[in-house]
Amino acid sequence: MFFFDDYIKKINKTKIEYKPVRKFKLELKKVVMWLGTGLPLILIGVLQGYIGYTKNFSIPYMVIAVILIFLGGKHFKNLFSYKIVIDSEKQTLKGQGVDLSFDNIESCTLKEGVVGKGSRLQILVRILTKDKREIIIPLIMNKKIEFICALRDILKERFSIIKG
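Residues numbered from 1 in each chain as written. Predicted model: local features only at pLDDT ≥ 70, side-chain atom pairs only at ≥ 80, totals over all residues. Heavy atoms only, no water.

## A short note on unusual backbone geometry
Note: most peptide bonds trans; most residues except glycine with negative phi. Stated formally: Secondary structure elements follow DSSP: runs of H or I of four or more residues count as helices, runs of E of two or more count as strands, with numbering from the N terminus. Three labels apply to residues, based on accessible area from a 1.4 Å probe with only protein chains included: buried if under 20% of the type maximum, exposed if over 50%, partly exposed otherwise in between.
Positive phi is not limited to glycine here, since Asn56 has a value of about 60 degrees. We note that Lys143 has phi near 55 degrees; this positive angle belongs to a residue other than glycine. Looking at the secondary structure, you find Lys143 in the loop between strand E7 (134-138) and helix H4 (144-155). Among the residues examined, Lys143 registers a relative accessible area of 41% and is labelled partly exposed.

Shown next, in the form of structure tokens:
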């Protein structure tokens, strides 16, 4: 990943061409991470279930199996459900439980920040709507530069970059 200043320079230099619909999925690093944790959880859960089955349905083994399979399934759900779509014709941003019209956006800022309870600094997009909702989108998708440049070109003066 770039340092934030280099990232901003790259965004300022980049010109993108018009596309009616742009789709963004998870970046490869996150896919590998969620597959690397979800798949072993499911496999360990299946093994625990098998051990519990062979021990005359031992309840502790079966409970652990259900919990592990559930957690692994959540990882797979996150992996395959992540998608953000910028529709330039309908003027909407959709994805991750957000269906937002560009006319409803008051301001959009690109900045470094911490998301949730994490302590890791990452680049994110903060969107304020006219009804005073705040939407934070961490940049964990592929084609990050294209995503930011598409928002910049569509929102024009409502888009800003906060340094440091």
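That covers the picture; the talk isn't over yet.
## Observations concerning the packing of helix H2 (residues 28-54) against helix H3 (residues 59-81)
Describing two packed helices takes the angle between their axes plus the distance from one axis to the other. Filter applied, for reference: For helices, the fitted axis covers only the stretch in contact; all axes are lines through C-alpha atoms, and the angles between them, taken along N-to-C directions, range from 0 to 180 degrees. Roughly parallel refers to an angle under 35 degrees, roughly antiparallel to one over 145, roughly perpendicular to one between 65 and 115, and oblique to any angle outside these ranges. Working rule for handedness: look at the near helix, and if it is turned counterclockwise from the far one by less than a right angle, call the crossing left-handed; if clockwise, right-handed. Amino acids are sorted into nonpolar (Ala, Val, Leu, Ile, Met, Phe, Trp, Tyr, Cys and Pro), charged (Asp, Glu, Lys and Arg) and polar (every other residue, Gly among them).
Where H2 meets H3, the axes come as close as 7 Å, and the angle between the chain directions of the two elements is 155 degrees. What the angle tells us is that H2 and H3 run roughly antiparallel. Crossing of H2 against H3: the hand is left-handed. Taken together, the residues of the contact of H2 with H3 break down into 19 nonpolar, ten polar and no charged.

## Looking at the nonpolar core
What counts, and what does not: The definition of a nonpolar core used throughout is a set of buried Ala, Val, Leu, Ile, Met, Phe, Trp, Tyr and Cys residues joined through side-chain atoms within 4.5 Å. Two residues form a contact once any of their heavy atoms are found within 4.5 Å.
Within the largest apolar cluster, 34 residues are counted, with the highest numbers of intra-cluster contacts made by Leu110, Val125 and Phe147. Those residues in contact with Phe147 that lie beyond four places of it in its chain are Phe24, Ile84, Ile86, Leu93, Val125, Ile137, Leu139 and Met141.

## Some points on a positive patch on the surface
For clarity, the threshold we go by: Candidates for patches are residues over 30% relative accessible area with no salt bridge; among them, like charges are joined within 9 Å and nonpolar side chains (Val, Leu, Ile, Met, Phe, Trp, Tyr) within 5 Å. Exposure was quantified through the Shrake-Rupley algorithm and a 1.4 Å probe, taking into account, for residues, occlusion by the shown protein chains and nothing else. Here, a salt bridge means any Lys or Arg side-chain nitrogen found within 4 Å of an Asp or Glu carboxyl oxygen. Counted charges follow a simple rule, with Lys and Arg positive, Asp and Glu negative, and His plus the chain ends left uncounted. Here the site of a charge means NZ on Lys, CZ on Arg, CG on Asp, or CD on Glu.
A contiguous patch of positive charge on the surface is contributed by Lys9, Lys10, Lys13 and Lys163. The topology assignment puts Lys163 in the segment after strand E8 (159-161). For Lys163, a relative accessible area of 58% gives the class exposed.

## Some remarks on the packing of helix H1 (residues 4-13) against H4
Closest axis-to-axis distance for the H1/H4 pair is 10 Å, and the angle between their directions is 60 degrees. Put simply, H1 runs oblique to H4. For the pair H1 and H4, the sense of crossing is right-handed. Between H1, through Tyr7, Lys10, Ile11 and Asn12, and H4, the contact on the second element is made entirely by Lys144, Ile145, Ile148, Cys149 and Arg152. Across the contact of H1 with H4, the residue classes break down as five nonpolar, one polar and three charged.

## Side note on H4
Just so we agree on the cut-off: Multiplying 1.5 Å by the residue count of a helix minus one yields the expected span of that helix.
With twelve residues, H4 should cover 16 Å at 1.5 Å per step; its first-to-last C-alpha distance of 17 Å lies within 8% of that length. Within the sequence span of H4, burial applies to Lys144, Ile145, Glu146, Phe147, Ile148, Cys149, Ala150, Leu151, Arg152 and Leu155. Phi turns positive, to about 50 degrees, at Lys156, one or two residues after H4.

## Structural notes on the sheet that holds strand E5 (residues 105-113)
What counts, and what does not: Two strands qualify as a pair provided that DSSP identifies no fewer than 2 bridges between them.
Strand order in this open sheet of four strands is E7-E6-E5-E8, and the pairing throughout is mixed. What marks the edges here is a single partner per strand, and that holds for E7 and E8. Between one strand and the next, the sheet's axes are offset by a mean angle of 20 degrees, whatever the strand orientation. Most of the contacts of H1 go to E5, to which it runs at about 140 degrees, and overall it touches E5, strand E6 (122-129) and E8.

None of this, on its own, says anything about what the molecule does.
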